[in-house]
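So the chains spell out like this:
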Amino acid sequence: MTVLTEIFKSTLPPPTRKSERWKYSPIAKLLNSTLSTDSSEIDSGFSNDIPPNPVAGLEAYRLVFRNGTFDSSLSDLPVAKGVICMPLSEVSAEDAPEFKNTYSKTEWVGELNESYQQDGMFLKIARNIKLDRPVLIHHLTDGKDVASFPRHFVRVEEGGEVDVVVWSSASKNSSGMYNGILEASIAPNSTLMLEKICNEDGEIYHFSHENIIQERDSKFKMHTFTVKGHWVRNELEIISRGKGTDSIFNGAFLPTGNEHVDNHTTMDHTSTDGTSSELYRGIMYGTSTGVFNGKVFVRPDAQRTNAFQQNTNIVADRGASINAKPELEIYADDVKCAHGCTVGQFDLDALFYLKSRGIDEKAAKALLVEAFLADVISNVPSTELREEIMKIYTERHGW
Amino acid sequence: MLKIKNLHAKVGDNEILKGLNLDVKPGEIHAIMGPNGSGKSTLAAVLAGREAYEVTDGMVELDGTDLLDLEASDRAREGVFLAFQYPIEIPGVSNLNFMKAAVNAKRAHQGQPPIKAKDFLAKVKECSSLVELDGRLSERSVNEGFSGGEKKRNEIFQMAILEPKLCILDETDSGLDIDALRVVSKGVNAMRSPDRAFIVITHYQRLLDHIIPDFVHVLSNGIIVKSGGKELALELEAKGYDWIKEEQNA
């Protein structure tokens, strides 16, 4: 066990509201707590109320982590030609991946992850290999004032294809910090699909950061669902390094109570003929607070880029709020970039129309919410995952 | 069936209905005509339960039930249907799911189990052919990308599915070409029955060539100023509304 007394004395200062990137996501309360990592053996089972496979019916390979420690007995690793999948701690020195992203050098959160790094997934898909089932990483936070620092690495070689699901949960009464990083590099003509779901009880400060590097003609498709979480910050950074890449990244968040959800995305087009499509939708209930910040860079050499960004938010209750900010920086002249960002309320005309046919207000709102989320959720590759996410949203919001 | 007594309603500070009385019996068709701004659409909205309209006085009863006490959805379950002048587009909600939810809401209200999928589809088929609504339209998102005529036909389609007691048609003829007008009227006429009543709000006599009313009322400045048989509509078409105003002032 490591008590993180030195946590706030890292080389980089913790973010404050003075920094634009953190202005609406203060972490002062976290900084006042004393956290420890938990390296105890998993002896008394995984969790009382959360199954190792959180998605009923989803047939997936599985890597289970409890407070950052890999649990081999609950995991089911793929054994297939051309697929290397194992906990990072078991990778030999010569195969160890070289993490390339600079997040740990520039951000306090990233530096913490590097300093206290625990375990994670190492996944390599060889040339032209398509893995038959998704790989599910399930991270459970269980306990008081627990900090965990997973770090995952994914490499898809030319023509390969894989679907990775990162699911984080936390048992009731848990508290602390989840600080996870996933780094992926996608070779020419290969495909990575990534679904990230946060469904945490308790009071966890959840920081997760994905760094994706795309090479020529590769495809990346990501969905980020914040289903439940006390304080969640999703950071996604995609760098298109070769021509003709395709990046699709969608997200949905429906915080309630006094939850906080922050989505920061960066799409960096550095090469020609790339396309990107981003759609984030949020409904803010209760006194929840939200942040959306979507940056799109089109560098001077990234001619014929076609970038699309849309962020649509509904503030459902009087006490809720969201700060939304699209940022486009375009340095090439032959590009197509469309973006839209709105904050509004439920469409009262649509609501009345539904009610005038006998559908009560609650059911009418549920229909409108389902319609609102459809564009985000319908693209999730796995039906079981789609249904599970909708099921949790439905139960949570009592539709 | 429907009794409206001394109905007063306002939007914001603007009083629009100023003591309206109307009595509608089962099987009857009442046409309501009147100049722009006389309160016709307000009457429709107030009956359907639109929240922006505040009823300040009077009563509305449907078969003895006080409608003004009910939410819009409960009024619909009691059998009130409003065919909108401007039907709303709802992207992402399929027309069929919408209708199924509506049918089942009404059935639950009446203590019946949800409709069987087979029965529902048969009903959809029957009702869409009644208004010549392309089967594909019933599967699309509610009114999204529908032409003006398709939207109005979709209103009558929904009316046919829900089988209301009281149908209120708010300028259903506006924006319709002659063929669509004929189709919509055919749908309405097919639904005429001794237990069902219609309130048809329109500016033009031509709709009443197709849907023949039992009574025609002229609404002006928030009250019904003249009532008559179907020939009143012809007279209005020929002479406009000024003579009624003069008659009032005399």
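Only a predicted model underlies this, so the values are computations on that prediction, with no experimental measurement involved. (Residues numbered from 1 in each chain as written. Chains lettered and ligands numbered in written order. Predicted model: local features only at pLDDT ≥ 70, side-chain atom pairs only at ≥ 80, totals over all residues. Heavy atoms only, no water.)

*Asks:* What exactly am I supposed to notice about the overall build of chain A here?
*Replies:* Of the regular secondary structure elements, chain A holds six helices and 22 strands. A globule of 399 residues ought to have a C-alpha radius of gyration of about 21 Å, and chain A, at 21 Å, matches this closely. Put simply, 85% of the contacts in chain A that link residues at least 6 apart link residues at least 24 apart. Here chain A displays about 15800 Å² of accessible surface, and carbon together with sulfur accounts for 47% of that area. Both charge centroids of chain A, one from 41 positive and one from 56 negative side chains, sit 4 Å from each other. (Helix = DSSP H or I, 4+ residues; strand = E, 2+ residues; numbered from the N terminus. Rg over C-alpha atoms; globule rule 2.2 N^0.38 Å. Contact = heavy atoms within 4.5 Å. Areas by Shrake-Rupley, 256 points an atom, 1.4 Å probe, with all protein chains shown as cover. Lys, Arg positive; Asp, Glu negative; His and termini not counted. Charge placed at Lys NZ, Arg CZ, Asp CG, Glu CD.)

*Asks:* Would you take a moment to explain the nonpolar core for this structure?
*Replies:* When a protein is soluble and globular, its nonpolar side chains tend to lie buried together. Core analysis: the biggest nonpolar cluster contains 116 residues, and Phe225(A), Leu2(B) and Ile199(B) have the highest contact counts within it. Split by domain, the residues of this core number at least three in each of domain 1 (2-345) and domain 2 (346-399) of chain A. Excluding residues that lie within four positions of it along the chain, Ile199(B) makes contacts with Leu2(B), Leu22(B), Val24(B), His30(B), Ile32(B), Leu47(B), Leu166(B), Cys167(B), Ile168(B) and Leu169(B). Core analysis: the next-biggest nonpolar cluster, separate from the first, contains 46 residues, Ala184(A), Phe220(A), Ile238(A) and Ile322(A) among them. (Core = buried A, V, L, I, M, F, W, Y, C linked by side-chain atoms within 4.5 Å. Buried < 20%, exposed > 50% of the residue type's maximum accessible area, 1.4 Å probe, protein only. Domains from an automatic or database assignment.)

*Asks:* Any chance you could explain the domain arrangement of chain A here in plain terms?
*Replies:* Accessible area lost upon the coming together of the parts serves often as the stated size of an interface. Residue and element names in this part refer to chain A. For chain A, the assigned domains are domain 1 (2-345) and domain 2 (346-399). When each unit is reduced to the centre of its C-alpha atoms, the spacing between domain 1 and domain 2 is 25 Å. Together domain 1 and domain 2 conceal approximately 2500 Å² of surface at their shared face, both sides included; 71% is due to carbon and sulfur atoms. The three residues of domain 1 that bury the most area against domain 2 are Val227, Leu254 and Arg281, which together make up 23% of that side's buried surface. (Buried area = accessible area lost by both parts, 1.4 Å probe.)

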